[in-house]
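# Residue-level structure breakdown
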Amino acid sequence: MEKVVLAYSGGLDTSVLIPVLKEKYGYDVVTLTANLGTESDLNAIEQKALKTGASQAFVDDARDIFVRLFCWPGLQAGALYEGIYPLGTALARPLIAKLLVDIAHQVGAKAVAHGCTGKGNDQVRFDVAVAALDPTLKIVAPVRDHKMHRDEEIKYAQERGIPIPITLDSPYSIDENLWGRSVEAGILEDPWLEPPEDAYQWTTSPREAPDEPQQVEIEFDEGIPVALDGVRLAPVDLVRQLNRLAGVHGVGRIDHIENRLIGIKSREVYEAPAAVVLHFAHNEVEKLTLSKDQMRFKAKVALEIADLIYNGLWFSALHQDLAAFVASTQRYVTGSVRVKLYKGNISVIGRRAQHPLYDKMLATYDTGDTFDHASAAGFIQLFSLPLRTQAHQQWLGLSSDQILRLSAGEKVDDEQPGDSAGDPPPGEEPPDGAPVQP
Ligand code: ARG
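Residues numbered from 1 in each chain as written. Predicted model: local features only at pLDDT ≥ 70, side-chain atom pairs only at ≥ 80, totals over all residues.

## Observations regarding the overall build of the protein
Along its length, the protein carries 15 helices and 14 strands. Here the C-alpha atoms of the protein give a radius of gyration of 28 Å, more than 25% beyond the 22 Å that 2.2 N^0.38 yields for 438 residues. C-alpha extents for the protein along the principal axes are approximately 85 × 60 × 50 Å. Looking at the 438 residues of the protein, the share that counts as buried comes to 36%. Pairs at least 24 apart in sequence give 71% of the contacts found in the protein among residues at least 6 apart. (Helix = DSSP H or I, 4+ residues; strand = E, 2+ residues; numbered from the N terminus. Rg over C-alpha atoms; globule rule 2.2 N^0.38 Å. Buried ≥ 20, exposed ≤ 12 C-beta atoms within 10 Å, placed from the backbone. Contact = placed C-beta atoms within 7 Å.)

Below is the structure:
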């Protein structure tokens, strides 16, 4: 029997896939469960896989790799999909794909399998990442192939005595790891309705959050978070601690209408306390340490990287190129930020850096100012040269009112100098010879 390595979470979908892959596809099923920080009982998941018919069940604690090699680069890049989603689910997929491919090689499997539907982004991410790492591997996606629905899955599970997880009571589809919790489906599908409190698990409702704000100091070393409140922490511990801390204050809730790769819009709810706080704080250190040009250009790269991560192209050559650019920008992003967490909000209190480009002696309005005021006049002379040329050549006959209206995008009759803003009133006859405004 040929072997297939199944990405196994222990949930209903992937549990049902074990007998499906054996009976309908004729595979010997090996499971791989990646621990990316869900606090679930991995031992129980392993036992369940074996009891459900897997011949081998692997559990891989990939938390450290996940944070160091996926979350940190995403953070340094400033990768927020559509400006808001820290990409928790999207960042995890290429890592799970990598683990699947490794196990496939280890056990001599020619195929890997996942339980994604044909409607989401995750199928794309798995398929594309596996293809990049080993294009000879076959990818099996029974849920996509057979459009398996939940009720059928439950029936199938019941027939085979597969324990149905209690999380099935949850009206939502949930994916979680250290970088965030993604919640979909159920009542959330109506974008007009506020997500019910039970959609949130990691964050306190801002109304119930403590009345006292909490300050946190976050230290970065070359763009990587290394300490909270002066205590150096391992990557996984830092993220876990910050998830808890910010979650208590209701920070990290995201409600987004999202453009999926496969072409539909969906309403997504996320909880990502640590990711939200870290993106915010990291940006503050960058404001002190990157030049204006670096910041402007990096923002464009961030957009590109976020799309590319979302679209499953983590292992693409373009990503490798852009990641090298991002890494280079982080050389001086070393410093600390003090933030305040309060009832769902995060604000900055202070920031400092080892090699800041902010220079108080240049910025100050007090004595001791080192800025050369005299050179400002010459600078402005050249800076305004194109505009002054245009004013001479093209606008000299225009009144200030006409220039005002041109700048508002209105058409201006240049044969009528002195025409004042708002004149002529709508519907009135234009004066003779004046072009009729559309
Ligand atoms: N829309 C998010 C993404 O594509 C979250 C997907 C959540 N996945 C899930 N199986 N519930 O990254």
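## Some points on unusual backbone geometry
Look at A185: it is not a glycine, yet its phi comes out positive at around 75 degrees. Along the chain, A185 turns up in the loop between strand 7 (180-184) and strand 8 (214-221). With phi around 50 degrees, D229 is a residue other than glycine that occupies positive phi space. Turning to its location among the elements, D229 is positioned in the loop between strand 9 (224-228) and strand 10 (231-232). Judged by the 13 C-beta atoms lying within 10 Å of it, D229 is partly exposed.

## Topic: the environment of K298
Of note, K298 is situated in helix 10 (residues 292-310). With 21 C-beta atoms counted inside 10 Å, the residue K298 sits in the buried group. Residues K298 and V130, 168 residues apart in the sequence, show an inter-C-alpha distance of 29 Å. The residues touching K298, leaving out its near neighbours within four places in the chain, are G78, L290 and T329.

## Some thoughts on the site of the ligand
In the vicinity of the ligand, the contacting residues are T89, A90, N121, D122, S173, I174, D175, S182, E184, E258 and E268. Listed by contribution, the elements that provide at least two residues to the shell around the ligand are helix 4 (88-107), strand 6 (173-177) and strand 7. With three residues, the top contributor of residues to the shell around the ligand is strand 6. Domain assignment of the residues forming the shell around the ligand places at least three in each of domain 1 (3-62 + 82-170) and domain 2 (175-356). (Near = placed C-beta within 6 Å. Domains from an automatic or database assignment.)

## A short note on the environment of H279
Residue placement: H279 occurs in helix 9 (residues 273-289). Taking the C-beta count within 10 Å as the criterion, H279 has 18 such neighbours and is therefore assigned partly exposed. Through-space distance from the C-alpha of H279 to that of R253 is 14 Å; in sequence the pair is 26 residues apart. Not counting residues within four places of it along the chain, the set of residues in contact with H279 comprises L75, G78, L80 and P86.

## Concerning the sheet that holds strand 11 (residues 253-259)
Read across the open sheet, the four strands follow the order 6-7-12-11; overall the sheet is antiparallel. Across the chains shown, the open sheet's two edge strands, defined by having one partner strand only, are strand 6 and strand 11. The sheet shows a mean angle of 25 degrees between the axes of neighbouring strands, taken without regard to direction. Examined bridge by bridge, strand 11 and strand 12 (residues 265-271) share seven bridges and lie antiparallel to one another. From the neighbouring strand, N259 faces strand 12, where its bridge partner is K265. (Pairing = 2+ DSSP bridges. Axes fitted to C-alpha atoms, helices over the stretch in contact; angles between N-to-C directions.)

## Some remarks on the nonpolar core
Ranked by internal contacts, the top residues of the largest apolar core, which has 94 residues, are V5, L6, L32 and L100. With eleven residues, the single largest contributor to this core is helix 4. Those residues within four positions of L6 in sequence are excluded, and the remaining contacts are T14, L17, I18, L21, V29, T31, L32 and A113. (Core = buried A, V, L, I, M, F, W, Y, C linked by C-beta atoms within 7 Å.)

## Here we look at helix 2 (residues 42-51)
Those residues of helix 2 that fall on the buried side of the exposure criterion are I45, K48 and A49. What you see down the axis of helix 2 is that its buried residues fit within an arc of 100 degrees, all on one side. Those residues of helix 2 that are exposed and aimed more than 90 degrees away from the buried face are N43 and A44. Close packing links the buried residues of helix 2 with helix 1 (12-23), strand 2 (28-35) and strand 3 (56-61). After helix 2 finishes, the residue G53 shows a positive phi value of roughly 125 degrees. (Arc of directions from axis to C-beta.)

## Topic: the packing of helix 1 against helix 7 (residues 150-159)
Two elements in contact, helix 1 and helix 7, have axes separated by 10 Å at closest approach and are oriented at 55 degrees. Viewed along their axes, helix 1 and helix 7 adopt a mutual orientation that is oblique. As for the relative orientation of helix 1 and helix 7, their crossing is left-handed in sense. On the side of helix 1, the interface is formed by L12, D13, S15 and V16, while helix 7 contributes E153, I154, Y156 and A157. Residue classes in the contact of helix 1 with helix 7 are distributed as five nonpolar, one polar and two charged. (Parallel < 35°, antiparallel > 145°, perpendicular 65-115°, else oblique. Left-handed = near helix turned anticlockwise from the far one by under 90°. Nonpolar A, V, L, I, M, F, W, Y, C, P; charged D, E, K, R; others polar.)

## Focus on the domain arrangement of the protein
When cut into domains, the protein gives domain 1 (3-62 + 82-170), domain 2 (175-356) and domain 3 (372-428). For domain 2 and domain 3, the distance between their C-alpha centres works out to 44 Å.

## Examining the sheet that holds strand 8
Taken in spatial order, the five strands line up as 10-9-8-13-14 in an open sheet, and their pairing is antiparallel. Unpaired on one side and paired on the other, strand 10 and strand 14 (345-353) mark the two borders of the sheet. Pairing of strand 8 with strand 13 (residues 335-342) involves seven bridges; the strand directions are antiparallel. Paired with V216 across the strands is V339, a residue of strand 13. Its contacts with the sheet put helix 8 (residues 235-248) on strand 8, strand 9 and strand 13, and the angle it makes with strand 9 is roughly 65 degrees. Of the strands in this sheet, strand 8, strand 9, strand 13 and strand 14 are in contact with helix 9, which crosses strand 14 at around 35 degrees.

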